[in-house]
Amino acid sequence: MDNQIQEVYQVQNPALGATILWRFVCGYKSVNYEPVPFSLLFLVLPIIYKKNLCTTIYKTQRYTGLSKVSEKLFKEKRNDELYSINNSAIALRAETLRSFNIGLSTNLYYIDTASAMVYPLSESRPDGLSSEAKMLLDSAEKLGAWCGEMSLTEICEWLKVRF
């Protein structure tokens, strides 16, 4: 495996993706005590795996919400990052499904197949993470909390996506 492919796999591997999805589910539930609609999980990895978006989320105060992230991106003329989420979500569908399946098999969360809602099975945060992994997981959890405060319609509007 050449270095570039290996580096991509180290960042975009299904086990890491499962953990990112789990922290998103935990963040979502922490706000409204509701499970996450399964379809919403397809937005998580395309956002968190984009370094600039992840960094912007990480540096934005949790109480300010997703609107502040959008505002920052438009102010800095980086709104193309928002508009690319939909295409990235389509491109990363298989990766999201692989990650989701690992999370199911390791009991990070479960899905109610009748309602297509995802519930966390544990909410305790892992210890001993590298600063890079901590940033990814913290950003995913924050994104989940912000999404938990909005309807799917509002999420689509702020993130420029369609379901």
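Nothing here was measured: the structure is a model prediction, and the numbers come from that model.

### Section: the sheet that holds strand 2 (residues 109-112)
Taken in spatial order, the three strands of this open sheet run 1-3-2, and their pairing is antiparallel. If you trace the sheet from one side to the other, it starts and ends with strand 1 (36-37) and strand 2, each paired once. For strand 1 and strand 3 (residues 117-120), the ladder comprises two bridges, and the chain directions are antiparallel. Bridge pairing in strand 3 places P37 opposite M117. The sheet contacts of helix 2 (residues 14-32) involve strand 1, strand 2 and strand 3, and relative to strand 3 the element is tilted by about 95°. Together, strand 2 and strand 3 form the strand contacts of helix 8 (residues 93-105), whose direction differs from that of strand 2 by roughly 105°.

### Examining the side chain of N13
Relative to the elements of secondary structure, N13 occurs in the loop between helix 1 (3-11) and helix 2. N13 sits in the buried class, given a relative accessible area of 15%. Only 3.0 Å separates the side chain of N13 from the backbone nitrogen of A15, close enough to count as a polar contact. When neighbours within four sequence positions are excluded, N13 is seen to be in contact with Y49, E95 and S99.

### Comments concerning the packing of aromatic side chains
This structure, assessed with the given rule, holds five aromatic pairs. Relative to F100, the ring of F38 has its centre 5.0 Å away and its plane inclined at 65°; by these criteria the two rings are edge-to-face. With F38 in the loop between strand 1 and helix 3 (44-48) and F100 in helix 8, the pair connects residues that are 62 residues apart, well separated along the chain. For F100, a relative accessible area of 5% corresponds to the buried category. Three or more aromatic residues link up through ring pairs in this structure, and these residues are F38, F42, F100 and Y109. In this structure, R23 is placed above the aromatic ring of W22, and the distance from its NZ or CZ to the ring centre is 4.5 Å.

### Quick look at the state of the cysteines
Structurally, a disulfide amounts to a covalent bond that connects the sulfur atoms of two cysteines. Tallied over the entire structure, the rule returns zero disulfides. Left unpaired, C147 is separated from the closest cysteine sulfur, that of C156, by 9.8 Å. Given a relative accessible area of 2%, C147 falls into the buried group. Owing to a relative accessible area of 17%, C156 belongs among the buried residues under this scheme.

### Focus on empty space enclosed by the protein
Within this structure, the stated rule accounts for one cavity of 30 Å³ or more. Of the volumes computed, that of the largest cavity is approximately 60 Å³. Along the walls of the largest cavity sit I47, L53, I57, L66, V69, S70, L82, I85, L143, W158 and L159, which together make up its complete lining. Within the residue set of the lining of the largest cavity, elements represented by two or more residues are helix 4 (51-59), helix 5 (66-75) and helix 10 (152-159). Per-element accounting of the lining of the largest cavity gives the leading share, three residues, to helix 5.

### Notes on unusual backbone geometry
In this structure, A116 is a non-glycine residue whose phi angle is positive, near 60°. Take A116: it is sitting in the loop between strand 2 and strand 3. A116 gets classed as partly exposed once you look at its relative accessible area, which sits at 34%. Despite not being glycine, K160 shows a phi value in the positive range, around 60°. Note on K160: relative accessible area 29%, which makes it partly exposed.

About the cut-offs
Residues numbered from 1 in each chain as written. Predicted model: local features only at pLDDT ≥ 70, side-chain atom pairs only at ≥ 80, totals over all residues. Heavy atoms only, no water. Pairing = 2+ DSSP bridges. Helix = DSSP H or I, 4+ residues; strand = E, 2+ residues; numbered from the N terminus. Contact = heavy atoms within 4.5 Å. Axes fitted to C-alpha atoms, helices over the stretch in contact; angles between N-to-C directions. Buried < 20%, exposed > 50% of the residue type's maximum accessible area, 1.4 Å probe, protein only. Polar contact = N/O pair within 3.5 Å; in protein donor to acceptor, adjacent residues only side chain to side chain. Phe/Tyr/Trp six-rings, centres within 6.5 Å; stacked < 30°, edge-to-face > 60°. Lys NZ or Arg CZ within 6 Å of the ring centre and 35° of its normal. Disulfide = S-S within 2.5 Å. 1 Å grid on protein atoms, 1.4 Å probe; cavity = no way out; pocket = protein on both sides within 12 Å on 5 of 7 lines; lining within 4 Å. Points joined across faces, edges and corners; volume = space filled by probe spheres on them.

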